[in-house]
Structure formats: structure tokens, C-alpha cells
Amino acid sequence: MNRRRHYNKKPRSRWIHHIFGKKKMSSEDVESRESLLEPNGQAKVVVERPVFSQQKFDEGFSPGSRPQTTFKESLLKSCKKCQCSKDCFLSFLYRIFPFIGIMKDYNIRTDLTGDIVSGLTVGIMHIPQGMAYGMLTTLDPVYGLYTSFFPVIIYFFFGTSRHISIGTFAVACLMMGSAIEKGLKSPNVHIITTCVNESITMVTTNLTNQSLPLYTLSCSDNTESVKLEIAMAVTFVVGLIQLLMGVTRLGFVTTYLSDPLISGFTTGAACHVFTSQIKHVFGITTDRYSGAFKLIYTYIDFFGKLAHTNAVTLIASVLCMAMIYVVKEYINNNPKIKPRLKMPVPIELIAVVLGTVISYFVDINNNYGVKIVGDIPTGLPVPTVPNFSLMPDVISDAFALAVVVFAISVSMGKILARRHGYEIESNQELIAYAITNVGSSFFSSFASSASLSRSLIQEHVGGVTQLTGLVSSALLLLVLLVLGPYFKTLPKCVLAAIIIVALKGMFRQFLELPKLWKLSKIDFLIWILSFLATVILDVDLGLLFGVIVAIFTVVYRVQRPYVCVMGQIPGTDIYRDISVYKEAQEIPRVKIFRFENALFFVSVEHFKNSLFKFTCNPRHVKQDMETARHRIQKEKDKFDKITFKNSTDEVELAVNGNETQISEFQSSIVEPQVDFDTIIFDCSTWSFIDAMGVKALTSVVNDFREIDIKIHLAFCKAGIREMLEKTGFFSCLDRHNLFVTVHDAVLHALHQKANGDVDSDSPQDGAPDSVAVQSTSSGSETDDKS
């Protein structure tokens with residue numbers, strides 16, 4: 001309801017009745033309503049009130065202070081929450097064990113079927129992916145199956161997301177493999193080589209026809225067991241770091257990992273994953289490299305040994321990749337066929353089974369030299385305490401892994417939670433991941449993460465709660481206890497083919513670049529630099545470099561925000577950027593300056609430089625004025641002077657010695673002038689100001705005062721005014737120069753100019769005889785952003 005507002009009068013009761021429809025409108029009210037409408041029926045706003053300085057506004061409306069909580073009050077408030085009551089205990093229990101609340105509302109009739117179907121589907125995906133990604137960590141494939149089993153069960157009790165699938169993930173496995181490689185170079189790691197004599201009986205017929213034993217030396221080392229110790233140490237430290245972050249409520253740290261950073265990083269990591277598997281596709285062996293430029297060294301080694309490609313391995317890999325790709329693209333992801341499928345075709349499991357069966361009957365390992373998985377132990381691993389002596393050597397890799405795993409998992413969890421109308425708690429998720437990783441490190445399971453592909457499949461086939469994880473774990477348990485040995489003859493090239501095809505989604509992130517370029521050049525730069533750093537350097541170094549670049553861009557944006565000069569939209573009290581709105585007109589003799597950021601130590605230099613650029617540098621102007629006055633004085637001194645004084649004025653005349661002509665002195669030098677006498681700061685975008693910001697503002701006020709230019713502040717928030725009060729800023733600028741709005745400041749400046757009150761900086765704003773704000777704007781008011 002449009003209405004006329006009188007700021008210097010109490011609102012009449014009839015307006016309240018008009019709003020709530022309590023009273024029938026009189027003819028006078030109808031006329032008032034019609035006066036607020038344009039001839040074409042559009043609404044308009046009419047405001048009549050006095051010009052308010054901030055001081056007069058506060059005197060009239062008695063503002064209070066902002067609520068502030070001290071540390072002692074916060075501590076007491078937290079202690080009050082820790083009451084020994086049943087409700088408090090149950091609340092704590094539900095917060096630590098979210099599954100209780102979820103299972104409490106579980107509907108067996110509607111939810112159980114979807115959880116069982118999705119659990120079996122995800123469990124089928126766990127088998128090939130667990131073995132493949134286990135190999136990606138440089139460990140045996142069976143450890144990938146362990147990681148697909150134990151973390152899922154632990155997360156069920158502590159996690160808040162109902163749809164993510166915990167287990168192996170390509171990027172996490174790659175980072176774990178990199179940490180293992182670095183750990184092998186640690187001085188605390190000892191590789192022990194053991195040699196054993198093996199006797200072979202041979203018959204010699206040329207001399208004595210007697211059987212003589214021939215001894216051969218067989219040597220082996222403990223590299224595999226050492227790698228497992230390093231992996232468990234890394235996993236344990238990852239859990240400790242996540243637990244510390246969860247207890248200290250540091251779940252917000254992932255906000256520094258922006259989407260472009262994560263996208264560029266995961267795409268670069270996908271290049272490392274592809275490189276680590278390409279040797280299995282060609283059936284050749286390359287040395288493992290770590291550190292910066294490892295990808296370059298790996299490909300130099302790879303192309304040098306390309307002539308030793310195993311043809312059977314290459315053909316099997318290509319056929320397997322083609323089969324998986326065709327089924328995924330043209331059946332599972334086909335928009336016409338996908339809705340008819342109760343569950344996606346488990347093509348990875350089919351490829352594993354076919355590869356295992358063909359390899360067993362053809363014996364491609366012995367006949368064609370194709371590498372196979374080898375023995376897979378039956379049963380569950382014996383609980384083992386991690387090697388704590390290795391933890392100081394892996395803490396840097398563990399920190400990077402902890403942050404990446406948390407960022408990817410929480411991002412996926414929030415996306416799925418938003419789709420299904422519930423929320424996840426970031427700090428509780430940190431604690432859930434921490435307990436999951438710490439517990440898994442005792443059962444030969446490396447650091448786990450949410451899988452993007454499995455999570456989407458789990459949601460698509462109807463998964464409702466974490467119970468899906470228990471169903472998939474039951475299927476994995478069957479594999480570990482019974483079916484594991486049957487995968488002995490599985491070719492490694494099949495697992496490599498599964499991994500490479502799974503990278504398709506990550507490589508498709510390249511398609512985001514054109515859109516990202518159009519949206520934000522800075523985000524595009526973050527993506528590119530994160531990707532290149534990850535590819536050229538290493539996974540952990542790439543992540544660190546990406547974070548540094550992202551933080552640098554934030555600092556740059558904060559340090560150099562947008563600045564502009566604002567003008568008035570004709571006939572309104574609306575002010576906009578004159579470079580954006582061509583109709584906006586500058587007020588004569590007034591500059592309205594807008595600095596779109598907080599004014600603090602990072603941005604003060606840019607504030608002053610931009611202000612001087614859009615207005616003038618008062619020190620330079622003062623220097624030019626003094627120079628001009630000095631030159632004028634020197635020019636005067638060259639003439640004989642006669643001062644003539646009448647009743648109204650004093651005139652200085654110059655006498656030329658060679659002539660008898662007497663004329664008024666006129667200098668050829670023009671004293672520099674500026675085309676404005678008032679600067680108004682639009683402070684509406686200042687979120688806060690610190691001591692250095694106040695110091696810079698004080699310096700600006702004093703510098704402009706020396707060349708007779710006034711400074712007004714408009715739209716100062718309560719926090720800004722409190723800081724100005726604490727730092728004594730009002731000793732250099734009177735409080736009457738703070739105004740409620742930009743329009744108030746403009747009207748005050750124009751009023752002073754019209755009345756010739758150029759020296760007064762203590763106007764009686766808000767008094768009955770002061771100028772009134774009268775503005776009319778038609779239609780709906782535009783957004784305040786320029």
C-alpha cells in the first residue's frame with residue numbers, strides 16, 4: 001500500500017487502518033491515494049522530511065548500542081547448555097550419533113526397498129572400483145576392498161549425509177599413492193632384503209651318474225609391508241587432523257577451496273591418475289617418480305619403453321574400455337533408456353568377471369605375459385596398531401589429503417542434501433570422517449572419501465538413508481570371505497581400463513572453461529593455474545599453489561575494490577555510478593565518491609589513490625596554488641605600486657616608470673582552481689573500518705580542508721560510527737558532517753551554497769526552519785547496486 005510518510009509528524013491512525021483494512025476510506029483518503037498514483041496508474045513515492053545529519057537523527061530517534069557479547073558471557077552461555085538433564089543428554093546423543101534420529105523416523109515400508117536395491121547396486125560398483133583404486137595407491141587391490149568395507153560401516157554411525165557413498169575415490173587414492181612414495185624415502189623407513197637358498201636336485205650323467213643338489217638364491221624384501229605401514233600412518237594422521245578441525249569447529253576452512261580451484265585441481269589430478277594407469281594399458285613397466293615434474297619424467301620413461309608394448313594387453317585394454325564406454329554412454333546415461341532401468345548395468349563388474357574368466361581359461365599370464373592381480377587373501381585383516389614413528393614424516397601429505405577429502409565429501413553431501421530437503425552439519429561431518437579414518441587405520445584400510453559417481457548412482461536408484469552402506473558392506477563381506485580368491489587371474493589392464501573410463505567425468509570439466517571465462521576472468525585464472533600447478537608440479541604442491549592463488553585473488557579484490565563517482569538520477573533521490581548510468585548527472589560543485597569495500601589497512605592506499613584520481617590531489621593543488629601566488633607576488637614586485645582606498649574597496653594600482661600611465665595590476669598568471677568545494681563519501685558499502693582506515697580518513701579530511709574543500713560522510717553504519725568515536729575522529733571533522741543518506745548530504749551542501757554559508761560546518765539540521773527533503777520517484781525503486 002503506497003502512503004505518504006511525514007518524518008516530522010506522528011503517523012495518523014487512518015494510514016494504519018488503510019494498511020490493515022480496518023476502516024472504510026473517506027473521500028479525503030481516496031484523494032490522497034490517487035495523488036500517489038501516476039496518470040498511467042503506476043505507483044510513486046512521495047517523501048517530505050527535514051534534512052537529517054546523523055547527530056540530529058540520533059537525537060530524534062534515540063538509537064541504542066549494538067549487542068556485543070564478551071568472552072565471559074559466551075563461556076557462561078555455553079556452560080548453561082551443559083545441563084545434566086534427559087533432554088540435554090538426548091540432544092548430545094543425537095548430535096554425536098545422527099543415525100539414531102534418522103533411524104527413529106525410518107519407514108520400513110517405503111524406505112527399505114530403495115535402500116536394499118541401491119545398496120546392492122553400489123556394492124556391485126564397490127568391487128571393481130575398490131580393486132582398481134587400491135592398485136592406484138601402489139598397494140595390492142585387496143586393500144581397496146577393505147577401504148570399501150570398513151569405512152562405510154563406521155560412517156553409518158557418525159555421518160549426517162544420507163546419500164553419499166564412502167569408500168575409494170580416484171583423487172584420494174592418487175594422493176595416498178604419492179604420500180607412500182614420499183614415505184619410502186624417509187630415513188625412518190627401513191627396507192630389509194631377505195635371501196633364501198632353494199635346493200634343486202639334478203642328475204649328472206657324464207661322470208658319476210650321481211644326483212647332486214644345486215642351490216639357487218631367492219631374495220625378497222619387505223617393501224609391500226612397509227608401504228602398508230606408511231598408508232596406515234597417513235590414514236591415522238588424516239583422522240587426527242580432521243578430529244582436531246571438528247572439535248575446534250573449523251569446518252569453515254573448506255570455504256577457501258572455491259569451486260574453480262577444486263575443479264582445476266581434480267582435473268589436474270585426473271591427469272596424474274591417467275598417467276599412472278597408461279603403463280598397464282600398454283603392458284610396460286616404468287619407474288615411479290615423485291615430486292615436481294614427475295609427470296614429465298614419467299612420460300619420457302614411458303615413450304622410451306613404448307617399443308616393448310605387450311600387444312595382447314593393449315588389445316584387451318582397448319576392448320574393455322570400448323565396452324565400458326559404450327554401455328555407460330548409450331545405455332546407463334541414455335535419457336530414453338535410463339528411466340526404464342531399475343538399476344544401471346554393472347558393466348564394470350561384468351568386465352571384471354569376463355576378464356577373470358578369459359584369463360583363467362586362456363592363461364594369458366603364462367602364455368602372453370599379461371600381468372594379473374595375483375593372490376587375494378580370504379577373510380578380514382587382523383587389527384594392527386599403526387606405526388606411530390612414521391607419522392612426523394607424513395604429516396604434510398596427510399594435511400593436504402584431510403582437507404581435500406573433507407572438501408569433496410562435504411560438497412557432494414550438501415548437493416544431495418539440498419535435493420532431498422535436509423541439511424548436513426559440516427563440523428559433525430569432520431568428526432565422522434575423523435573417526436572413520438582413525439578406525440580404518442587399524443584394519444588395513446587407507447583414507448576414504450565420498451565417490452561422486454557412486455553417490456549419484458545411490459541416489460538415482462532410490463537410496464534413502466545410510467542403511468544403503470550396510471547393505472553394500474554385506475555384499476563386500478561376501479566377496480572378502482568367499483569370492484576373493486576367484487579374482488586371482490584378473491588382468492591388471494582391466495582395472496586400468498575401468499579407472500581410465502571413470503576419469504571421463506573429470507576431464508569433462510574442461511568444458512566449463514568457456515563459460516567460466518565469460519562469468520569471471522579471475523575464477524578462470526584460478527582454474528587454469530590450479531590445473532597447471534597440479535600437472536606440472538605434483539598433487540599436493542598443486543593444491544597448495546591453488547590455495548595461494550585463490551587467497552591472493554581475494555586479497556587483490558579486497559585491496560583494490562571498485563570505486564566510482566556517483567550522480568543523481570534526475571527528479572529522484574537516487575544516486576548511481578555515472579559510468580554505468582548515462583542519465584546520472586553530477587551535482588554542481590559536489591563530488592560523490594563511492595569506495596565499495598571496508599576501509600582498513602589493506603585498502604587504505606587504494607582508497608586515497610582512487611580518491612585523488614577522481615577528485616584531485618589536495619597536496620599537489622596546494623603546492624600549485626602556493627607556487628602561483630609566489631610567482632604573482634614576484635610579478636607585482638616589478639612595478640611601483642600605489643594603493644588607492646575608497647569607502648568601499650581597496651585597489652592596488654601599478655605605475656610604469658617609463659610612462660605616466662597608471663593602471664590596475666593584472667597578473668598574467670592564473671591561480672589554479674578546482675571545480676568543486678564539497679566531497680561526499682558514500683559509506684554504505686563500508687562494512688567496517690580499522691585504526692589505519694580512520695587515520696587515512698583523518699589525513700584526507702585535513703588535506704582537503706587546507707584547500708577549502710569540505711568532506712561529508714553519508715550512510716555510516718553503527719559500527720563505523722563507533723570506531724570513529726573511539727579513535728577521536730570527530731576532533732578533526734564535526735559530527736554535523738555525518739548524514740543519514742547521500743541525498744541529505746547533497747541537499748545540505750546545496751543549501752549552504754545558496755545561503756552563502758560556506759564557512760559554517762555546524763548546521764541546524766532537523767530543525768523546523770531547515771531545508772526539507774522533497775523527492776518524488778515513479779515506479780519501483782531500482783536496486784541500490786550500481
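About the thresholds
Throughout, a residue's number is its position along its own chain's written sequence, starting from 1. Confidence filtering applies because this is a predicted model: local features only for residues at pLDDT of at least 70, side-chain atom pairs given and counted only at 80 or more, and all residues used for totals across whole chains, interfaces and linings. In computing side-chain values, all of the structure's heavy atoms are included and hydrogens and water are not. Working definition: helices are DSSP H or I runs of at least four residues, strands are E runs of at least two. Numbering for both runs from the N terminus. The buried label goes to any residue with under 20% of its type's maximum accessible area, the exposed label to any with over 50%, and the partly exposed label to all in between, with areas taken from a 1.4 Å probe on protein chains only. Note on areas: Shrake-Rupley, 1.4 Å probe, and residue coverage restricted to the protein chains presented here. In this description, a line fitted to the C-alpha atoms serves as the axis of each element, helices being fitted only across the stretch in contact, and the angle between N-to-C directions of two axes falls anywhere from 0 to 180 degrees. Here is the rule for angles: anything less than 35 degrees is roughly parallel, anything more than 145 is roughly antiparallel, 65 through 115 is roughly perpendicular, and the remaining ranges are oblique. Here, two residues are considered to be in contact whenever any of their heavy atoms come within 4.5 Å of each other. Under the convention adopted here, Pro, Cys and the residues Ala, Val, Leu, Ile, Met, Phe, Trp and Tyr are nonpolar, Asp, Glu, Lys and Arg are charged, and Gly plus all remaining residues are polar. Whether a set of points on the 1 Å grid over the protein atoms alone is a cavity depends on a 1.4 Å probe fitting there but being unable to get out, while an open set qualifies as a pocket with protein on both sides within 12 Å along at least five of seven lines; lining residues are those with an atom within 4 Å of a point. Grid points are joined across faces, edges and corners, and a volume is the space filled by probe spheres set on the points. Two strands are said to pair when DSSP picks up at least two bridges between them. By definition, a salt bridge exists where a carboxyl oxygen of Asp or Glu is found within 4 Å of a side-chain nitrogen of Lys or Arg. To estimate how far a helix should reach, multiply one less than its number of residues by 1.5 Å. Whenever a nitrogen or oxygen atom comes within 3.5 Å of another N or O atom, the pair is scored as a polar contact, on the condition that within protein one atom can donate a hydrogen and the other can accept it, and that pairs from neighbouring residues in sequence are kept only if both atoms are in side chains. Take the buried residues of types Ala, Val, Leu, Ile, Met, Phe, Trp, Tyr and Cys, join any two whose side-chain atoms come within 4.5 Å, and each joined set is a nonpolar core. Disulfides are defined in this document as cysteine sulfur pairs within 2.5 Å. With the strands aimed away from the viewer, a crossover counts as right-handed if its path from the first strand over the helix to the second runs clockwise. Confidence of the prediction at every residue is given by pLDDT, a number between 0 and 100. For patch detection, residues must exceed 30% relative accessible area and be free of salt bridges, and they are connected within 9 Å for like charges or within 5 Å for nonpolar side chains (Val, Leu, Ile, Met, Phe, Trp, Tyr).

**Things to note about the overall build of the protein**
When its secondary structure is counted, the protein shows 30 helices and 16 strands. By the burial criterion, 46% of the 786 residues in the protein qualify as buried. Carbon and sulfur atoms form 59% of the exposed surface of the protein, whose accessible area is close to 41600 Å².

**Things to note about the packing of helix α12 (residues 259-282) against helix α14 (residues 311-332)**
Interaxial distance between α12 and α14 falls to 6 Å at its minimum, and their mutual angle equals 120°. Classified by the angle their axes make, α12 and α14 are oblique. Within the contact between the two elements, α12 uses His280, Val281 and Phe282 and α14 uses Thr313, Leu314, Ser317 and Met321. Its residues assigned to classes, the contact of α12 with α14 comprises four nonpolar, three polar and no charged.

**So, empty space enclosed by the protein**
This model, assessed by the stated rule, comprises four cavities of 30 Å³ or more. Considering only enclosed or pocket space, the largest cavity measures out at about 200 Å³ in volume. Lining the largest cavity are 16 residues; nearest its centre among them are Glu181, Ser276, Arg288, Lys294 and Thr298. Of all the secondary structure elements, the ones that give two or more residues to the lining of the largest cavity are α10 (170-183), α12 and α13 (294-304). Grouping the amino acids of the lining of the largest cavity by side-chain chemistry returns four nonpolar, seven polar and five charged.

**Observations regarding the sheet that holds strand β14 (residues 710-714)**
Spatial ordering of the open sheet is given by β8-β7-β9-β13-β14-β15, a layout of six strands whose pairing is mixed. Each of the sheet's edge strands pairs with one partner strand only, and the pair in question is β8 (575-577) and β15 (738-739). Here five bridges tie strand β13 (residues 676-682) to β14, and the two strands are oriented parallel to one another. Within β14, the position partnered with threonine 678 by the bridge is lysine 710.

**Focus on the pattern of salt bridges**
Throughout the structure, instances matching the rule amount to 22 salt bridges. With a closest N to O distance of 3.6 Å, lysine 305 and aspartate 301 form a salt bridge. What makes lysine 305 partly exposed here is its relative accessible area of 26%. According to the relative accessible area criterion, aspartate 301 is buried, its value standing at 12%. Among the salt bridges present, the one from lysine 591 reaches glutamate 586, with a minimum N-O distance of 3.2 Å. Among the ionic contacts, a cluster of salt bridges with common partners joins Glu181, Arg288, Lys294 and Asp538.

**Comments concerning α14**
Across its 22 residues, α14 extends 30 Å between first and last C-alpha, which sits within 8% of the 32 Å expected from 1.5 Å per residue. Taken as a whole, α14 has its buried residues at Thr313, Ser317, Cys320, Ile324, Val327, Lys328, Glu329 and Asn332. Contacts made by the buried residues of α14 are with α12, α15 (347-362), α21 (492-502) and α22 (504-507). Near the N-terminus of α14, the side chain that reaches the backbone nitrogen of valine 312, with its oxygen 3.1 Å away, is that of asparagine 310.

**Notes on the environment of valine 558**
With respect to the helices, strands and loops of the structure, valine 558 is situated in helix α25 (residues 539-559). On the basis of relative accessibility, which here comes to 24%, the residue valine 558 falls in the partly exposed class. Sequence separation of valine 558 and leucine 599 is 41 residues, and the distance between their C-alpha atoms is 9.6 Å. Leaving out residues up to four positions away in the same chain, valine 558 has contacts with Asn597, Phe600, Val602 and Ser603.

**A closer look at unusual backbone geometry**
Positive phi, close to 65°, is recorded for phenylalanine 293, a residue that is not glycine. Within the secondary structure, phenylalanine 293 is located in the loop between α12 and α13. A residue is classified by how much of its surface remains accessible, and phenylalanine 293, at 37% relative accessible area, is partly exposed. For phenylalanine 715, which is not glycine, the phi torsion reads 65° and is therefore positive. Mapping phenylalanine 715 onto the fold places it in the loop between β14 and α29 (718-726).

**Notes on the nonpolar core**
With 103 residues, the main nonpolar core has Val234 and Leu401 as its most contacted residues. By residue number, the principal contributor to this core is helix α17 (residues 391-420), which donates 16 residues. Those residues within four positions of leucine 401 in sequence are excluded, and the remaining contacts are Ala172, Met175, Met176, Val234, Val238 and Ala447. In terms of nonpolar packing, the next biggest core, distinct from the first, is built from 36 residues, Val604, Phe676, Val694 and Val700 among them.

**Side note on the state of the cysteines**
Counted by the stated rule, this structure contains zero disulfides. Cysteine cysteine 320 remains unbridged, with the sulfur of cysteine 493 as its closest cysteine sulfur at 7.2 Å. Judged by relative accessible area, which is 7%, cysteine 320 ranks as buried.

**Thoughts on the pairing of β14**
Summarising burial for β14: five of the five residues are buried, a large majority. Both faces of β14 are covered, namely the face carrying Lys710, His712 and Ala714 and the face carrying Ile711 and Leu713. Handedness of the β-α-β unit built from β13, helix α28 (residues 691-705) and β14 comes out right-handed. With two bridges joining them, β14 and β15 adopt parallel strand pairing. Residue pairing in the sheet places alanine 714 in a bridge with phenylalanine 739 of β15. Chirality of the crossover, the property in question, places the unit of β14, α29 and β15 among those that are right-handed.

**Let's talk about the side chain of glutamine 568**
Residue position: glutamine 568 is located in strand β7 (residues 563-568). At 2.6 Å, the side chain of glutamine 568 and the backbone oxygen of threonine 572 are in polar contact.

**Observations concerning the environment of tyrosine 556**
Tracing the backbone shows tyrosine 556 in helix α25. With a relative accessible area of 43%, tyrosine 556 lands in the partly exposed category.

**Here we look at helix α24 (residues 521-536)**
Here α24 spans 22 Å end to end across 16 residues, near enough to the 22 Å set by a 1.5 Å rise per residue. Burial in α24 covers these residues: Ile526, Trp527, Ser530, Phe531, Ala533, Thr534 and Val535. Looking at the buried positions of α24, the neighbouring elements they touch are α12, α13, α23 (512-519) and α25.

**Some details on the confidence of the model for the protein**
Confidence in the prediction of the protein, expressed as mean pLDDT, is 83, and 82% of residues score 70 or more. The low-confidence segment residues 1-23, where pLDDT is below 50, has 30 contacts with residues more than four positions distant or belonging to other chains. Long-range and interchain partners of residues 758-770, a stretch whose pLDDT sits below 50, account for 26 contacts in this model, where long-range means more than four residues apart.

**Observations regarding a nonpolar patch on the surface**
Together, Ile350, Val353, Leu354, Val357, Ile358, Tyr360, Phe361, Val362 and Tyr368 line one region of the surface with nonpolar side chains, adding up to about 870 Å² of accessible area. Of the residues examined, valine 357 reaches a relative accessible area of 39% and is grouped as partly exposed.

**A closer look at the pairing of strand β9 (residues 589-595)**
Counted residue by residue, β9 has six buried out of seven residues, so it is predominantly covered. For β7 and β9, the ladder comprises four bridges, and the chain directions are antiparallel. Within β9, the position partnered with valine 565 by the bridge is phenylalanine 593. Note: β9 against β13, six bridges, orientation parallel. Looking at the pairing, phenylalanine 593 lines up with phenylalanine 681 of β13.

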